[in-house]
Amino acid sequence: MKIIVNGRPREVTSASLEALLGELSFKNKSVATAVNGAFVPRTARATVVLREGDSLEVLVPMQGG
Amino acid sequence: MNLYGVDLTARLLLGTAQYPSPAILAEAVRVSETQVVTVCLRREAAGERQGEAFWSLIRSLGVRVLPNTAGCHSVAEAVTTAQMAREVFGTPWIKLEVIGENDTLCPDVFGLVEAARILTEEGFAVFPYTTEDLVVAERLLAAGCRVLMPWGAPIGTARGLNNPYGLRSLRAHFPDVPLIVDAGLGLPSQAARAMELGYDAVLLNTAVAKAGDPVAMARAFGQAVAAGRQAYEADPMEPRDMAAPSTPVLGKAVLG
């Protein structure tokens, strides 16, 4: 299915967010996730299922002011 | 200084963006003697490791982090960003920015109050980036904020304290609320002035990161903030219009 990951279209196969992060090579990183603008806690990733057209944000620590 | 139950001795909070290198950032943090640095969350391509390297560097510095919601223009965006930051950085502290106007990066104070209320209810310790407006300050406190961070001037402008009267007035109205001048400072003298007004701390980034020698500037800001605080605690004299000789007049010889 096609979803949007960090603003770019991606073709993915995993259904759960947890599996998807592995598929996208984010598995072992310190990341926070949001689907369609709503925060998805780490503990909920296994149960959240993505659907065609969903928008996923995967954010990491960066420099800030 | 006590911020949300945490005692801090250093009154300079430092941003971590725009330094020439991670090594210079680390050294600037060290010499400034800050205990709190600001950080953010951003996208990163899956193969990259920049975020992890940065987070590892920050953790090695032994300072507390204050994640921000920089760039957020809506309440929903700021709230989601704060929720994400709390999980990644492992702190309920959040520097809340809800930007209302792009040229000045002026806070959307209406959205700010609303986001502050939501985040406080969710257990966050909110550090709102606000203006010096007294009524907005009241609303932020009513929303649950226990610290206020009025701007000195728009972010990144190095203009110093645009409205010293407004900042002084805010200090006088809220004598017991920790007040931090956040943004707009360019020189250590401006930071010292904020401290001399009785502000509890200053938060800055660009003035250090974009200096020709960020490490030297970080040290200068650290010293200026400490000096400004000492001056405030020393109870400065009031200015006056007429001169008053400092050398005793009594006992002066008559020589002509």
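Residues numbered from 1 in each chain as written. Chains lettered and ligands numbered in written order. Predicted model: local features only at pLDDT ≥ 70, side-chain atom pairs only at ≥ 80, totals over all residues. Heavy atoms only, no water.

Engineer: Looking at this model, I keep getting lost on the overall build of chain B. Mind explaining?
Structural biologist: Secondary structure summary: chain B contains nine helices and twelve strands in total. Scaling as 2.2 N^0.38, a compact globule of 256 residues should have a C-alpha radius of gyration of about 18 Å, and chain B matches this with 20 Å. In chain B, which comprises 256 residues, the share counted as buried stands at 53%. Taking the intrachain contacts of chain B between residues at least 6 apart in sequence as the baseline, contacts between residues at least 24 apart amount to 66%. Surface accessibility of chain B: about 12,000 Å² in total, with carbon and sulfur atoms responsible for 54%. The average position of the 21 basic charges and that of the 27 acidic charges among the side chains of chain B differ by 4 Å. (Helix = DSSP H or I, 4+ residues; strand = E, 2+ residues; numbered from the N terminus. Rg over C-alpha atoms; globule rule 2.2 N^0.38 Å. Buried < 20%, exposed > 50% of the residue type's maximum accessible area, 1.4 Å probe, protein only. Contact = heavy atoms within 4.5 Å. Areas by Shrake-Rupley, 256 points an atom, 1.4 Å probe, with all protein chains shown as cover. Lys, Arg positive; Asp, Glu negative; His and termini not counted. Charge placed at Lys NZ, Arg CZ, Asp CG, Glu CD.)

Engineer: It is not clear to me how the pattern of salt bridges should be interpreted in this structure. Could you clarify?
Structural biologist: Once the charged atoms of two side chains with opposite charge are near each other, the side chains can pair. All told, the structure shown has ten salt bridges over all chains when counted by the stated rule. Residues B:Glu87 and A:Arg45 are paired through a salt bridge, measuring 3.4 Å at the closest nitrogen-oxygen approach. Residue B:Glu87 is found in helix H3 (residues 75–89), and its partner A:Arg45 is found in the loop between strand S4 (38–40) and strand S5 (55–63); the two belong to separate chains. Assessed through its relative accessible area of 7%, A:Arg45 is described here as buried. With a closest N to O distance of 3.6 Å, B:Arg49 and B:Glu52 form a salt bridge. Given a relative accessible area of 44%, B:Arg49 falls into the partly exposed group. (Salt bridge = Lys/Arg side-chain N within 4 Å of Asp/Glu carboxyl O.)

Engineer: What exactly am I supposed to notice about the interface of chain B and chain A here?
Structural biologist: When the parts of a complex come together, some accessible area is lost, and that lost area is often taken as the interface size. If you look at the interface, chain B gives 29 residues, while chain A gives 28 residues. A combined buried area of about 2,400 Å² lies between chain B and chain A, and 57% of that area is made up of carbon and sulfur atoms. Our count for the contact surface shared by chain B and chain A stands at two salt bridges. For A:Glu57, the salt bridge goes to B:Arg43, with nearest N and O atoms at 2.6 Å. For the interface between chain B and chain A, the tally reads 13 residue pairs in polar contact (both at pLDDT 80 or more). At the level of secondary structure, the elements contributing two or more residues to the side of chain B that touches chain A comprise strand S4 (36–43), helix H2 (50–60) and H3 of chain B. For the side of chain B that touches chain A, the residue count by class is eleven nonpolar, nine polar and nine charged. Relative to S4(B), S5(A) runs antiparallel, the two sharing five bridges. If you follow A:Pro61 over to S4(B), its bridge partner there is B:Leu41. (Buried area = accessible area lost by both parts, 1.4 Å probe. Polar contact = N/O pair within 3.5 Å; in protein donor to acceptor, adjacent residues only side chain to side chain. Nonpolar A, V, L, I, M, F, W, Y, C, P; charged D, E, K, R; others polar. Pairing = 2+ DSSP bridges.)

Engineer: Could you clarify how one ought to interpret the packing of aromatic side chains in this entry?
Structural biologist: Aromatic ring pairs are defined here through the distance separating the ring centres and the angle between the ring planes. Residue and element names in this part refer to chain B. Counted by the stated rule, this structure contains four aromatic pairs over all chains. Both rings, one in Tyr4 and one in Phe127, keep their centres 5.2 Å apart while their planes meet at 50 degrees; by these two values the pair is tilted. With Tyr4 in the loop between strand S1 (2–3) and strand S2 (6–7) and Phe127 in strand S9 (residues 125–130), the pair connects residues that are 123 residues apart, well separated along the chain. Consider the rings of Trp55 and Phe89, whose centres lie 5.0 Å apart with planes at 90 degrees: the pair is edge-to-face. (Phe/Tyr/Trp six-rings, centres within 6.5 Å; stacked < 30°, edge-to-face > 60°.)

Engineer: What am I meant to see in helix H9 (residues 214–233) of chain B here?
Structural biologist: Spacing of three or four residues puts side chains on the same side of an α-helix, whose turn is 3.6 residues. All names here are of chain B. Taking 1.5 Å of rise per residue, the 20 residues of H9 would be expected to cover 28 Å, and the 28 Å separating its terminal C-alpha atoms lies within 8% of that figure. Among the residues making up H9, those that are buried are Pro214, Val215, Ala218, Phe221, Gly222, Ala224, Val225, Gly228 and Arg229. Those residues of H9 that are buried lie in contact with strand S3 (12–15), helix H1 (22–32), helix H7 (188–196), strand S12 (201–204) and helix H8 (206–209). Directly after H9, the chain includes Asp235, whose backbone phi takes a positive value near 60 degrees. (Expected span 1.5 Å × (residues − 1).)

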